[in-house]
Amino acid sequence: QLSGFPEMQSASDQDGHQTRAIPLRKVVILLAGMVAAVLAVVVIAGTARNSLQTSQIAATGQIADAYSVSKDVEFWGGDLMCVTKVKSAQACCDICCNTVPFALVTVKPDAYVWKDENHHSNHNNWCCCKNFVLSHPQRNDHAVSGKCPP
């Protein structure tokens, strides 16, 4: 016994049996494990509901839905086919939105981009028919993009 400190006594239950106290360290570890498990479930559930791809597609859809024709926006990617020497965005829309899947074109286009005669590459007056969910918007001062009507 240390001088000045009372001797520790063990606790007992109602029947007189010795009981043991759980060390504080084990309690802290157990609580930390439970908190970590709850946080892991919350993170996994949040990621499953709001993945990056879903939010990118939603953002692309919001831009296209807000404007039936988006000037100075190029839907980049998702190309199904391209046609040269198309004189207007409306002509491009007519081509893409009336294309029927056949032969090498196996997916019906649901969007388009037209690049005007001032485009900086050799893709002037190009019309590209798109699979919208595989595209993403980017600024292009010499492009007009749109979604096909349902």
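Shown above is the structure to which this text applies.
This write-up is about the structure you can find in this document.

The rules behind each value
Residues numbered from 1 in each chain as written. Predicted model: local features only at pLDDT ≥ 70, side-chain atom pairs only at ≥ 80, totals over all residues. Heavy atoms only, no water. Pairing = 2+ DSSP bridges. Helix = DSSP H or I, 4+ residues; strand = E, 2+ residues; numbered from the N terminus. Axes fitted to C-alpha atoms, helices over the stretch in contact; angles between N-to-C directions. Contact = heavy atoms within 4.5 Å.

Description of the sheet that holds strand E1 (residues 69-76)
Across the sheet, five strands lie side by side as E1-E5-E3-E4-E2; this open sheet has antiparallel pairing. For this open sheet the edge positions go to E1 and strand E2 (79-83), each flanked by a neighbour on one side alone. Mean inter-strand twist for the sheet, computed between neighbouring axes without regard to direction, equals 35 degrees. With five bridges connecting them, strand E3 (residues 111-115) and strand E5 (residues 136-147) associate as antiparallel partners. Of the residues in E5, the one forming a bridge with Lys-115 is Ala-143. In the packing of helix H3 (residues 89-97) onto the sheet, the strands contacted are E2, E3, strand E4 (126-130) and E5, and the crossing angle to E3 comes to about 145 degrees.

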